[in-house]
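Structural overview
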Amino acid sequence: MSRSIRTRITTAVVVGSLGALLAMGAAHANGEPKAVIQGRTAITAHVSGEKVGYKCQIAGSNVSGPWGTVGADGTVDLTLGEVHGDLKKLRVICEDPARGDVSMHTVRADRVSYDGALSPLRHIINNRLFGRG
């Protein structure tokens, strides 16, 4: 086998392996839970893709909302009353009630800061058809 053929085969194996790793990473990233946090004073969040039966809440440094249980469809809607202060530090946390704090994790969240006239458009963009809901 000449050096050129060996180089081609090695290159093909390396590129194929990298492609497989990227494909597995993309598949795993799409399977993780997501949240959309919206509002300016009354904060709400819609969590999707979480495990059924888990409990989730909106939390920040000095504030936390009530816990909500994830339904059979893998979603839960959370509400946090009026918040004054830094809204950028708010996050959605979820945990398995059977395991407690050891299972607590932060859900990847997108923040939507516009309210009012753009609301119907926002709901369309955040729809499952576009892969965000």
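Thresholds, definitions, all that
Residues numbered from 1 in each chain as written. Predicted model: local features only at pLDDT ≥ 70, side-chain atom pairs only at ≥ 80, totals over all residues. Heavy atoms only, no water. Disulfide = S-S within 2.5 Å. Helix = DSSP H or I, 4+ residues; strand = E, 2+ residues; numbered from the N terminus. Buried < 20%, exposed > 50% of the residue type's maximum accessible area, 1.4 Å probe, protein only. Contact = heavy atoms within 4.5 Å. Core = buried A, V, L, I, M, F, W, Y, C linked by side-chain atoms within 4.5 Å. Patch = residues over 30% accessible without salt bridge, like charges linked within 9 Å, V, L, I, M, F, W, Y side chains within 5 Å. Areas by Shrake-Rupley, 256 points an atom, 1.4 Å probe, with all protein chains shown as cover. Salt bridge = Lys/Arg side-chain N within 4 Å of Asp/Glu carboxyl O. Pairing = 2+ DSSP bridges. Polar contact = N/O pair within 3.5 Å; in protein donor to acceptor, adjacent residues only side chain to side chain.

Here we come to the state of the cysteines. In the structure shown here, the tally under the stated rule is 1 disulfide. In this model, Cys56 is linked to Cys94 through a disulfide, with the two sulfur atoms separated by 2.0 Å. Around the S-S axis, the bridge from Cys56 to Cys94 shows a dihedral of about 110 degrees and counts as right-handed. In this pair, Cys56 sits in strand S3 (residues 55-59) while Cys94 sits in strand S6 (residues 91-95), placing the two residues 38 residues apart along the sequence. Looking at Cys56, the relative accessible area reads 0%, which means it is buried. The class of Cys94 is buried, set by a relative accessible area of 0%.

Within the secondary structure layout, Gly68 lies in strand S4 (residues 68-69). In sequence terms Gly68 and Gly53 are 15 residues apart; their C-alpha atoms lie 9.5 Å from each other. When sequence neighbours within four positions are dropped, the list of residues in contact with Gly68 reads Tyr54, Lys55, Cys56, Val76 and Leu78.

Turning next to the nonpolar core. If you look at the biggest cluster of nonpolar residues, it comprises 17 residues, and the most contacted ones within it are Ile43, Val47, Cys56, Ile58, Leu78 and Val92. Only strand S1 (34-38), strand S2 (42-48), S3, strand S5 (75-82) and S6 provide two or more residues apiece to this core.

What follows deals with a nonpolar patch on the surface. A grouping of Ile5, Ile9 and Val13 is seen on the molecular surface, where their side chains present a nonpolar patch of about 260 Å² in accessible area. Its location among the elements puts Val13 in helix H1 (residues 3-30).

For S1, a buried count of 5 out of 5 residues is recorded, marking the element as mostly surrounded by other parts of the structure. Here S1 pairs with S2 via 5 bridges, running antiparallel. By the bridge assignment, Ala35 is partnered in S2 with Val47.

Within S6, 4 of the 5 residues are buried, leaving the element largely enclosed by the surrounding structure. The pairing of S3 with S6 spans 5 bridges and is antiparallel. Across the sheet, residue Ala59 finds its bridge partner in S6, namely Arg91.

Let us now look at the side chain of Thr75. With respect to the helices and strands, the residue Thr75 is situated in strand S5. Here the side chain of Thr75 touches Asp73 through a polar contact of 2.9 Å, side chain to side chain.

With the rule as written, the count across this model stands at 2 salt bridges. With its nearest N and O atoms 3.9 Å apart, the salt bridge here joins Asp110 to Arg108. The partly exposed category is assigned to Arg108, whose relative accessible area is 39%. Within the structure, one salt-bridge network assembled from shared partners comprises Glu32, Arg108 and Asp110.

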